[in-house]
Amino acid sequence: MALSDDRSSELPLKEIPGDLGLPVLGPISDRYHYNYLEGHTEFIKSRMEEYNSTIFRMNLLFAEFINVPDPRVIVLADAVSFPILFDHSKVWKKDALIGNYAPSTSFTGGYRVSAYLDPSDEKHGKLKSLYLGLFASIHHKLIPVSQTFFGAVFDKLEADVAAKGEASFNTYSDDMAVNLLLQVFFDIDPAKLRNKGPAMLNRWLGVQFLPIASVGLPKWLSWVEDTLLHTFPCPSFLVKSDYQKIYDAIYTSSTPVFDEAKKLGLSKEETCHNLVFMTGANAYAGCRVHFRALMKWIHIGGENLHKDLANEIRGVVKSGGGVVTLASLEKMPLTKSVVYEVLRMEPPAENHYATAKEDMVISSHGASFQVKKGEVLFGYQPLAARDPKIFENPNEFIGTRFMGEEGEKLLRYCYWFNERQTVDPIPDNKQCPGKDTALVLARLLVVEFFLRYDTFTADIGNFVTLIGSTVTIKTLTKATSD
Ligand code: HEM
């Protein structure tokens, strides 16, 4: 579906709808409905229906106690208004990673790391160039190292299924993601952290993001979680020693990144704090949700999809002499489309934020709205990715959706890496610099799985924001052809 992007002059200019309620009570009520009573997507959907608009106002966080100056945000829940978040001439991205709340810099050695910087900040460009260089330099080993780590997860799943009749994919996959990233980026063997790297990173992430996360207590206890955990930020000293160990492992690794950083005028300390966040928060948090989502949605896709994936993958690998390469991954249109469709159904980074730099007009499908300088925009990716005016049968998982010329055109309306899928990461934008690396890892996980198995069955549990779905593997059917 072709849509022109700037239609603001053709559309009626309307007031942004949204009832924010009473001071203090309004934010509490919105927060309870959003987090507990209705759920994120249901809350936003119900307000969209009430206001008959994909753009509206809501309160996101409770402003009084946590260090949030203002809880009001403007929700963008369609695929045409969303890209305003990437127009850096019009919006600020400073401290906008997780909304109008930014954890204390004491979680990252006193530095504000790159993910919280606006592209206009000189440091942001330098750090992003550094990451792009690092990811390009590891491309030759990304596939062989990942194959070893994925293979070890499959061995464990098989052993558990044989012994107990089921296996938890989440635990093995999460731990593997941490160990794989540390190994492939910095040659850090899991034993260097006494195999405790994943637990250390999980604690560090948990404590810093607790004010916006849920620990999954039963619904009737939600007031306990909200009062205790979402009212005051958690102090960083609780995870200081975990953080220090990861920091030291990277600091003492032989990565050439520090030499590159020196050339850019960045200190080793600041670089290292950024590398911990890049690995432990950006890369791990993205992969954690996405690896789980891949298994979940491929399971939902069913046996016919499994057959088609196995045929495509085995055919390409066989014609390449049995070796998987970056080039062979490119020759698998169904595998590529399935990975995109999983990103669409369950975008790992659900929420995208930015602050308006100036008064401006933003447009959704049927109307334009005036936004004032300083207002916070909140793009809700799970609904933008299911915009019915762009994606046919938006709530259905269709593995072939992004195949062919028409399918590929849709990628322009996919923002899962913080920009259009068709836009490359550069020092001056906020597109995820790990975009290509993440896609290779995801495609490779699917490839390695279907080289080894014909099909599988699983139980799918709850989805938890920032962490992902629970996937319990019940059966694994070994490959019967090659
Ligand atoms: C499916 C997995 C992933 C998804 C969906 C994802 C998505 C994102 C998003 C949405 C952002 C922007 C956050 C914001 O500014 O609002 C981001 C930033 C970032 N991502 Fe990813 N990411 C993924 C995996 C990775 C991987 C594997 C790496 C490393 C190889 C990585 C490295 C980064 C870095 C360093 C940033 C911060 C960029 C900056 O400083 O501006 N990500 N990612």
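Residues numbered from 1 in each chain as written. Predicted model: local features only at pLDDT ≥ 70, side-chain atom pairs only at ≥ 80, totals over all residues.

Visitor: It is not clear to me how the overall build of the protein should be interpreted in this structure. Could you clarify?
Guide: Along the protein, the regular secondary structure elements total 16 helices and 11 strands. Relative to the globule expectation of 23 Å for 482 residues, the C-alpha radius of gyration of the protein, 22 Å, shows essentially globular dimensions. For the protein, the C-alpha atoms occupy an extent of roughly 60 × 50 × 50 Å along the three principal directions. Scored against the burial criterion, the 482 residues of the protein give a buried share of 43%. In the protein, once contacts between residues fewer than 6 apart in sequence are set aside, the share between residues at least 24 apart is 72%. (Helix = DSSP H or I, 4+ residues; strand = E, 2+ residues; numbered from the N terminus. Rg over C-alpha atoms; globule rule 2.2 N^0.38 Å. Buried ≥ 20, exposed ≤ 12 C-beta atoms within 10 Å, placed from the backbone. Contact = placed C-beta atoms within 7 Å.)

Visitor: Could you clarify how one ought to interpret the site of the ligand in this entry?
Guide: What surrounds the ligand is a group of 25 residues, the closest being S114, N282, G286, C432 and G434. At the level of secondary structure, the elements contributing two or more residues to the shell around the ligand comprise α3 (122-137), α10 (268-301) and α16 (435-452). It is α10 that contributes the most residues to the shell around the ligand, 6 residues altogether. Within the shell around the ligand, the residues separate by chemical class into 14 nonpolar, 8 polar and 3 charged. (Near = placed C-beta within 6 Å. Nonpolar A, V, L, I, M, F, W, Y, C, P; charged D, E, K, R; others polar.)

Visitor: Sorry if this is basic, but what is going on with the pairing of strand β10 (residues 453-464) here?
Guide: Strand direction decides the pairing type here: β10 and strand β11 (residues 468-478), joined by 9 bridges, are antiparallel. Its bridge partner lying in β11, F456 is registered against L476. Between β10 and β11, which pair antiparallel and follow one another directly, the connecting turn spans 3 residues, one of which, L466, has a positive phi of 75°. (Pairing = 2+ DSSP bridges.)

Visitor: Got a minute to help me understand helix α6 (residues 197-209) in this structure?
Guide: Counting along an α-helix, one turn takes 3.6 residues, and residues three or four places apart therefore face a common direction. When the terminal C-alpha atoms of α6 are compared, their 18 Å separation across 13 residues agrees well with the 18 Å that a helix rising 1.5 Å per residue should span. Listing the buried residues of α6 in full gives G197, P198, M200, L201, W204, L205, V207 and Q208. Check the buried side of α6 and you find it contacts α5 (169-186), α8 (240-251) and α10. (Expected span 1.5 Å × (residues − 1).)

Visitor: Hey, could you run me through the packing of α5 against α10 in this one?
Guide: In a packed pair of helices, the relevant descriptors are the angle between the two axes and the axis-to-axis distance. Their axes nearest at 9 Å, the elements α5 and α10 cross at an angle of 140°. Considered as vectors, α5 and α10 are oriented oblique to each other. For the element pair α5 and α10, the recorded crossing hand is right-handed. Listed contacts from α10 to F169, N170, S173, D174, A177, V178, L181, L182 and F185 of α5 are T279, A283, Y284, C287, R288, F291, R292 and M295. Of the residues belonging to the contact of α5 with α10, the class tally is 11 nonpolar, 3 polar and 3 charged. (Axes fitted to C-alpha atoms, helices over the stretch in contact; angles between N-to-C directions. Parallel < 35°, antiparallel > 145°, perpendicular 65-115°, else oblique. Left-handed = near helix turned anticlockwise from the far one by under 90°.)

Visitor: Even after reading the chapter, I still don't get the confidence of the model for the protein, so can you show me in this structure?
Guide: On average, the protein scores 94 in pLDDT, and the residues at 70 or more come to 97%. Scoring the predicted complex yields pTM 0.96 and, for the interface, ipTM 0.94. (pLDDT = per-residue confidence, 0-100.)

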